[in-house]
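Structural description and commentary
So you can see what is in the structure, the chains are spelled out below.
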Amino acid sequence: MAQLLEPGMFVRHPSQPDWGLGQVQSVVGARVTVNFEEAGKVVVDTQVIDLEWVPGA
């Protein structure tokens, strides 16, 4: 999924719905930095977690 993500896109963390909507800040290989509404900046390894893209958010 990381190869499809780019900065500015909105995502959700499938196992942390309480983090709210997140905006992708950067993508470096499989590591994606996301700024979530309730959790702040989090680096997600997309080889372990498959972030859910939120189109039109």
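The preceding data block contains the structure.
Residues numbered from 1 in each chain as written. Predicted model: local features only at pLDDT ≥ 70, side-chain atom pairs only at ≥ 80, totals over all residues. Heavy atoms only, no water.

Attention now goes to the nonpolar core. By size, the foremost hydrophobic cluster in this structure holds 10 residues: L5, M9, V11, V24, V32, V34, F36, V42, V44 and L51. Among the elements of the structure, β3 (31–36) and β4 (40–45) are those that each provide at least two residues to this core. Ranked by residue count, the leading element in this core is β3, at 3 residues. With residues up to four places along the chain from it excluded, the contact list for V42 reads W19, V32, T33, V34 and F36. (Core = buried A, V, L, I, M, F, W, Y, C linked by side-chain atoms within 4.5 Å. Buried < 20%, exposed > 50% of the residue type's maximum accessible area, 1.4 Å probe, protein only. Helix = DSSP H or I, 4+ residues; strand = E, 2+ residues; numbered from the N terminus. Contact = heavy atoms within 4.5 Å.)

Spatially, the 5 strands line up as an open sheet ordered β4-β3-β2-β1-β5, and their pairing is antiparallel. Unpaired on one side and paired on the other, β4 and β5 (52–53) mark the two borders of the sheet. For strand β1 (residues 10–12) and β5, the ladder comprises 2 bridges, and the chain directions are antiparallel. Bridging from a neighbouring strand, V11 pairs with W53 of β5. (Pairing = 2+ DSSP bridges.)

When you line up the elements, D18 lands in the loop between β1 and β2 (22–28). Look at D18 and you get exposed, because its relative accessible area is 56%. The sequence separation of D18 and G40 amounts to 22 residues, and the corresponding C-alpha distance is 12 Å.

All right, on to the pairing of β4 then. In this structure, β3 lies alongside β4, joined through 6 bridges in antiparallel fashion. Of the residues in β4, the one forming a bridge with F36 is G40. Adjacent in sequence and paired antiparallel, β3 and β4 are bridged by 3 residues.

Attention now goes to the environment of L4. Relative to the assigned elements, L4 resides in the segment before β1. Exposure remark for L4: the relative accessible area of 57% places this residue in the exposed category. As a C-alpha pair, L4 and K41 span 37 residues in sequence and 20 Å in three-dimensional space.

Shape descriptors only; they carry no functional weight alone.
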